Amino acid sequence: DVKVTQSSRYLVKRTGEKVFLECVQDMDHENMFWYRQDPGLGLRLIYFSYDVKMKEKGDIPEGYSVSREKKERFSLILESASTNQTSMYLCASSLYRLDTQYFGPGTRLTVL
Amino acid sequence: RKEVEQDPGPFNVPEGATVAFNCTYSNSASQSFFWYRQDCRKEPKLLMSVYSSGNEDGRFTAQLNRASQYISLLIRDSKLSDSATYLCVLNSGNTPLVFGKGTRLSVIA
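Let me sum up the structure you'll find in this document. (Residues numbered from 1 in each chain as written. Chains lettered and ligands numbered in written order. Predicted model: local features only at pLDDT ≥ 70, side-chain atom pairs only at ≥ 80, totals over all residues. Heavy atoms only, no water.)

### Observations concerning the overall build of chain B
The criterion, for reference: Strands here are runs of E lasting at least two residues and helices are runs of H or I lasting at least four, both read from the DSSP assignment and numbered beginning at the N terminus. Note that the radius of gyration is over C-alpha atoms, with the globule rule given as 2.2 Å times the number of residues to the power 0.38.
Scanning chain B for helices and strands turns up zero helices and 11 strands. The secondary structure elements of chain B, listed N-terminal to C-terminal, are β-β-β-β-β-β-β-β-β-β-β. Taken against the 2.2 N^0.38 rule, which gives 13 Å for 109 residues, the C-alpha radius of gyration of chain B at 13 Å falls within 12% of a compact globule. Dimensions of chain B, computed from the C-alpha atoms along their principal axes, are close to 40 × 30 × 20 Å.

This is the structure we're talking about:
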């Protein structure tokens, strides 16, 4: 059974802080993804990675960066958090690129 | 035309009813199709893949119509526990999966 875990369920940060969101998967998946989900806007892809040390921009990468030093771990970084980054952040992984994605439980981030 | 379009709902149906959702897509080259289910404040989870010939899983039936570029999900004998948002998901060329915004279903006792 695939397990994707995220470091925090709820997080409150202040404007300007650097924020790290961690995601770990235990199924040796090559591919990992970061999304944010907002009411009325659905899931929007921020960044994805098809291999270690590889990253690609999704649809809304501005204000974010990522790191993939190990196959099982994919980190999302908000260099300087802003209030418009308040959102639910979801990490996912998949075995093949166009295959089913398995999601972590999400991190609800509030930036004050 | 948007890549994936779904009626946001909500669909309010009584227990035991049959309900169907459609999802239209714009890229005729799309190859992989899925329905995901998302409960309130939870992560999306795979409900079922959608195969060209159509497929069934218990009370759920998924269909693909390539000519008209839509997929459908039929739920028979609705249960209260079916209340959720149903996301249409597909690939669009060689890019990561594209998620629809979802259709909200509310099954009422």
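That covers the picture; the talk isn't over yet.
### Describing the layout of surface pockets
To be explicit about the condition: In the cavity and pocket records, a cavity denotes points on a 1 Å grid over the protein atoms alone where a 1.4 Å probe fits but cannot get out, a pocket denotes an open set with protein on both sides within 12 Å along at least 5 of 7 lines, and lining residues are residues with an atom within 4 Å of a point. Grid points are joined across faces, edges and corners, and a volume is the space filled by probe spheres set on the points. When residues are sorted by character, Ala, Val, Leu, Ile, Met, Phe, Trp, Tyr, Cys and Pro go into the nonpolar class, Asp, Glu, Lys and Arg into the charged class, and all the rest, Gly among them, into the polar class.
Counted as a void, the largest pocket has a volume near 1,200 Å³. Lining the largest pocket we find 42 residues, and of these Q37, L41, G42 and L43 of chain A together with K101 of chain B sit closest to its centre. If you list the elements that add at least two residues to the lining of the largest pocket, you get β4 (31-38), β5 (42-49) and β9 (87-94) of chain A together with β1 (4-6), β9 (84-90), β10 (98-99) and β11 (103-108) of chain B. For the lining of the largest pocket, the leading source of residues is β5 of chain A, giving five residues. Partitioned by chemical class, the residues of the lining of the largest pocket number 16 nonpolar, 14 polar and 12 charged.

### A closer look at the packing of aromatic side chains
Residue and element names in this part refer to chain A. Just so we agree on the cut-off: For this analysis, a ring pair means two rings from Phe, Tyr or Trp (six-membered ring only for Trp) whose centres lie within 6.5 Å, classed as stacked if their planes differ by under 30 degrees, edge-to-face if by over 60, and tilted for the remaining angles. The buried label goes to any residue with under 20% of its type's maximum accessible area, the exposed label to any with over 50%, and the partly exposed label to all in between, with areas taken from a 1.4 Å probe on protein chains only.
For the coordinates displayed, the defined rule picks out 13 aromatic pairs over all chains. Each ring, one from F33 and one from F48, has its centre 6.3 Å from the other, and the planes form 25 degrees; the classification is stacked. With a gap of 15 residues between them, F33 in strand β4 and F48 in strand β5 connect regions that are remote in the sequence. Its relative accessible area of 0% is what places F33 among the buried residues.

### So, the interface of chain B and chain A
Our working rule: Contact between two residues is taken to exist if any of their heavy atoms lie within 4.5 Å; hydrogens are not considered. Values labelled buried area give the accessible surface lost by two parts on being combined, using a 1.4 Å probe and summing over both. We define a salt bridge as a side-chain nitrogen of Lys or Arg found within 4 Å of a carboxyl oxygen belonging to Asp or Glu. Two N or O atoms count as a polar contact when they lie within 3.5 Å, although within protein this holds only if one can serve as hydrogen donor and the other as acceptor, and sequence-adjacent residues are included solely when both atoms are side-chain atoms.
Taken residue by residue, the interface counts 17 residues in chain B and 21 residues in chain A. Here chain B meets chain A over a buried area of about 1,600 Å², counting both sides, of which 57% is carbon and sulfur. Looking only at chain B, the three residues that lose the most surface to chain A are R41, P96 and F99 of chain B, adding up to 33% of its buried area. Seen at the junction of chain B and chain A, the total is zero salt bridges. Here chain B is connected to chain A by two residue pairs in polar contact (both at pLDDT 80 or more). Listing elements by their share of the side of chain B that touches chain A, those giving two or more residues are β4 (33-38) and β5 (44-49) of chain B. For the side of chain B that touches chain A, the element with the highest residue contribution is β4 of chain B, accounting for three residues. Here the residues of the side of chain B that touches chain A are counted per class, giving eight nonpolar, six polar and three charged.

Function-wise, these values are silent; they only describe arrangement.
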